[in-house]
Amino acid sequence: MKVAILDDHELIRVGIAGVLQSTPHTITLSVPTADRLFEALQAGTPCDILLLDILMPDTNGVDVAQRLRNDYPS
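Remember, it's a predicted structure, so these values are computed and weren't measured experimentally.

**As for the pairing of strand S2 (residues 26-31)**
Okay, step 1: Inspection of the sheet shows strand S1 (residues 2-6) paired to S2 by 5 bridges, in the parallel sense. Looking at the pairing, Ala 4 lines up with Leu 29 of S2.
Okay, step 2: Read as a crossover between parallel neighbours, the route from S1 over helix H1 (residues 10-20) to S2 is right-handed.

Following this line, the structure appears as structure tokens:
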């Protein structure tokens, strides 16, 4: 599985990536903002699973999830 991480805290992103290193999952993206997430997805970065922070300063994770559902239904 290809995993993307969206969290505004670098320590969280690094920690999750470290835990997933011992699994068959591949981190394809690790970003601090929703804008960077959507830029990467539009550029074709593969992602099967998104680990999404709900409380972020620039946006709400629920809004990000709704946009993902609308823009990337598959």
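Still to come is the rest of the account.
**Regarding the packing of helix H2 (residues 34-42) against helix H3 (residues 61-71)**
Okay, step 1: Two elements in contact, H2 and H3, have axes whose closest approach is 11 Å; the angle formed by their N-to-C orientations is 15°. It follows that H2 is roughly parallel to H3 by the angle criterion. In terms of crossing hand, the pair formed by H2 and H3 is right-handed. Counting all contacts with H2, which are made through Ala 34, Leu 37, Phe 38, Leu 41 and Gln 42, the residues of H3 involved are Val 64, Arg 67 and Leu 68.
Okay, step 2: A class-by-class count of the residues in the contact of H2 with H3 yields 6 nonpolar, 1 polar and 1 charged.

**A few points about the packing of aromatic side chains**
The description of an aromatic ring pair rests on the distance of the ring centres and on the angle between the ring planes.
Okay, step 1: The tally for this structure, following the rule as stated, stands at 0 aromatic pairs.
Okay, step 2: Across the ring face of Phe 38, the terminal group of Arg 67 is positioned such that the distance to the ring centre comes to 3.7 Å.

**Section: the confidence of the model for the protein chain**
Okay, step 1: With 100% of its residues at a pLDDT of 70 or more, the protein chain has an overall mean of 95.
Okay, step 2: Across the protein chain, the secondary-structure element scoring lowest on mean pLDDT is H3, at 95, and the one scoring highest is S1, at 97.

**So, the side chain of Asp 7**
Okay, step 1: Looking at where Asp 7 falls in the secondary structure, it is placed in the loop between S1 and H1.
Okay, step 2: Buried and unpaired, Asp 7 has no salt bridge, with Arg 13 as the nearest side chain of opposite charge at 5.5 Å.
Okay, step 3: Setting aside anything within four residues of it in sequence, one finds Asp 7 in contact with Ile 12, Arg 13, Val 31, Pro 32 and Asp 53.

**Some remarks on the pattern of salt bridges**
Okay, step 1: Scanning the entire structure with this criterion turns up 1 salt bridge.
Okay, step 2: Close ionic contact of Asp 71 with Arg 67 constitutes a salt bridge, the shortest N to O distance being 3.2 Å. Of this pair, Asp 71 and Arg 67 both sit in helix H3, 4 residues apart, which is roughly one turn of the helix.

Thresholds applied
Residues take numbers from 1 onward in each chain, read along the sequence in its written order. Totals for whole chains, interfaces and linings use all residues, but because this is a predicted model, local features are given only for residues with pLDDT of at least 70 and pairs of side-chain atoms are given and counted only at 80 or more. By convention in this description, side-chain values take in all heavy atoms of the structure and omit both hydrogens and water. Here, strands pair whenever DSSP counts at least two bridges between them. Going along the chain from the N terminus, every DSSP run of H or I of four or more residues is numbered as a helix, and every run of E of two or more is numbered as a strand. The handedness of a crossover follows from its direction of travel: if, with the strands pointing away from the viewer, the path from the first strand over the helix to the second runs clockwise, the crossover is right-handed. Think of each axis as a best-fit line through the C-alpha atoms, taken over the contacting stretch in the case of a helix, with angles from 0 to 180 degrees between the N-to-C directions. In what follows, roughly perpendicular refers to angles from 65 to 115 degrees, roughly parallel to angles under 35, roughly antiparallel to angles over 145, and oblique to any angle outside these ranges. Crossing handedness is defined as follows: a turn of the near helix away from the far one that is anticlockwise and smaller than a right angle gives a left-handed crossing, while the clockwise case is right-handed. It only takes one pair of heavy atoms within 4.5 Å for two residues to be counted as in contact. Each residue gets one of three labels, nonpolar for Ala, Val, Leu, Ile, Met, Phe, Trp, Tyr, Cys and Pro, charged for Asp, Glu, Lys and Arg, and polar for the others, Gly among them. By convention, a stacked pair of Phe, Tyr or Trp rings (six-membered ring in the case of Trp) has centres within 6.5 Å and planes under 30 degrees apart, an edge-to-face pair has planes over 60 apart, and any other such pair is tilted. The criterion for a charge sitting over a ring is simple: Lys NZ or Arg CZ within 6 Å of the ring centre, and within 35 degrees of the ring normal. The quantity known as pLDDT measures the predictor's confidence residue by residue, on a range of 0 to 100. Throughout this description, buried means an accessible area under 20% of the type-specific maximum (1.4 Å probe, protein chains only), exposed means over 50%, and partly exposed covers the range between. Only four residue types enter the charge count: Lys and Arg as positive, Asp and Glu as negative, with His and the chain ends excluded. Note on definitions: salt bridges are taken to be side-chain nitrogens of Lys or Arg within 4 Å of carboxyl oxygens of Asp or Glu.

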